Amino acid sequence: EISLGLVGSEMCIRDRLRCGPSLIVKGMSLPPDPFVENLLELLEPLGDIRSRRMFGGHGIYKGEMMFGLVADSAFYLKVDDRNRAEFEKRDLQAFRFEFKNGKVGQMSYYQCPDEAFTRSDQMRPRAESALAAAKRNFKPKKKRALKPGK
């Protein structure tokens, strides 16, 4: 019998500690993803960058803002109307997914160019552009009001 549950497991680049939600099987958390670990090293010059497992992939965050997405060993960066053209002129693909009903959805994330994976100085301007798009579109989570007596 396999028992599933949630435990802490975000990878924090600063101290390489695991500290947010992750799937566990029989009391063990999933092993780190080497692609994501390499990506976090490339993003290290941006400061406190972390990954968080989600929907079979990883979200890449600075603070509360998700500016990157890893799915099927591909890295996608956040876009909006101000930086989308940078990606489209290079024929980079948008992140697409299929709903249960067969319809295809598209998110505002575009594939990172291959040359950005060679060095941090190649990755940095692309990540900064995505981070700026995330900041422009950031909506803080609303805090839930506590019920009286709690």
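The following paragraphs examine the structure supplied in this document. Just so you know, the residues in each chain are numbered from 1, in the order the chain's sequence is written. For a predicted model such as this one, the threshold for reporting local features is a pLDDT of at least 70, and the threshold for listing and counting side-chain atom pairs is 80 or more; totals across whole chains, interfaces and linings nevertheless cover every residue. Excluded from the side-chain calculation are hydrogens and water; included are all heavy atoms of the structure.

Moving on, we get to the overall build of the chain. Secondary structure counts use DSSP, requiring at least four H or I residues in a row for a helix and at least two E residues in a row for a strand, with both numbered from the N terminus. Tallying secondary structure elements over the chain gives 3 helices and 11 strands in all. Ordered by position from the N terminus, the helices and strands of the chain form the series β-β-β-β-β-α-β-β-β-β-α-β-β-α. Across the 150 residues of the chain, 37% fall into the buried class. Across the chain, contacts joining residues at least 24 apart in sequence account for 45% of those joining residues at least 6 apart. Exposure is judged per residue with a 1.4 Å probe applied to protein chains only, and the accessible area is read against the type maximum: over 50% gives exposed, under 20% gives buried, and values in between give partly exposed. Should any heavy atoms of two residues lie within 4.5 Å, those residues are counted as being in contact.

Moving on, we come to the side chain of aspartate 80. Here aspartate 80 is to be found in the loop between strand 9 (74-78) and helix 2 (84-88). For aspartate 80, a relative accessible area of 9% translates into the label buried. In protein, a polar contact means a hydrogen-donor-capable atom and an acceptor-capable atom, both N or O and within 3.5 Å, with residues adjacent in sequence counting only if both atoms are side-chain atoms; elsewhere, any N or O pair within 3.5 Å suffices. Among the polar contacts made by the side chain of aspartate 80, one reaches the side chain of asparagine 137 at a distance of 3.1 Å. Residues contacting aspartate 80, with those up to four places away along its chain left out, are Ala133, Arg136 and Asn137.

Let us now look at helix 1 (residues 34-43). Listed as buried for helix 1 are Val36, Leu39, Leu40, Leu42 and Leu43. On an axial view of helix 1, the arc spanned by its buried residues comes to 160 degrees, and they lie on one face. By the N-cap criterion, in which a side-chain oxygen at the helix start approaches the backbone nitrogen of a residue two or three places on, helix 1 is capped by aspartate 33, the distance to phenylalanine 35 being 2.8 Å. The directions considered for the arc run from the helix axis to the C-beta atoms.

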